[in-house]
Amino acid sequence: MAVLAGLFPKTGQEMPPFADALKDGEIAELTNYVFATFGNPEIRITQHRVTELRNGGVTSPLLKLVRLAAGAAAIIVCLLLVIVIRRLTKRARDNESLSKQSQG
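Residues numbered from 1 in each chain as written. Predicted model: local features only at pLDDT ≥ 70, side-chain atom pairs only at ≥ 80, totals over all residues. Heavy atoms only, no water.

Concerning the environment of Lys23
Here is step 1: Tracing the chain through its elements places Lys23 in the loop between α1 (2-5) and α2 (24-38).
Here is step 2: What makes Lys23 exposed here is its relative accessible area of 63%.
Here is step 3: Taking C-alpha positions, Lys23 is 56 Å from Val82, a pair spaced 59 residues apart along the chain. (Helix = DSSP H or I, 4+ residues; strand = E, 2+ residues; numbered from the N terminus. Buried < 20%, exposed > 50% of the residue type's maximum accessible area, 1.4 Å probe, protein only.)

In structure tokens:
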């Protein structure tokens, strides 16, 4: 949240952070005023939400899904490796068996 951390663009006007200057309730009030006056008045920020953001925010459900998908992908890759190794081993044994039969 820009009100907490401030904005520091390479060019243009900077906005100082207010995390140390304002309490969570004050930041919620300020944010709601700015949204109501200059943006979307339907957006409402609560003190609880500011506290969550100050503490790093709630973990995104999308991030949890990505972690789950990465784990599933790792398992699939491992299973595919096992299948490939087994087929290569079986093929090597079959070739060895054929060469022994052709020699003997």
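Topic: a nonpolar patch on the surface
Here is step 1: On the surface, Leu30, Tyr33, Val34 and Phe38 cluster together to form a nonpolar patch covering roughly 430 Å² of accessible area.
Here is step 2: Along the chain, the position of Tyr33 falls in helix α2. (Patch = residues over 30% accessible without salt bridge, like charges linked within 9 Å, V, L, I, M, F, W, Y side chains within 5 Å. Areas by Shrake-Rupley, 256 points an atom, 1.4 Å probe, with all protein chains shown as cover. Salt bridge = Lys/Arg side-chain N within 4 Å of Asp/Glu carboxyl O.)

Observations concerning the side chain of Thr31
Here is step 1: Mapped onto the fold, Thr31 is located in helix α2.
Here is step 2: Thr31 gets classed as buried once you look at its relative accessible area, which sits at 7%.
Here is step 3: Filtering out sequence-adjacent residues up to four positions away, Thr31 remains in contact with Met1, Val3 and Ile45. (Contact = heavy atoms within 4.5 Å.)

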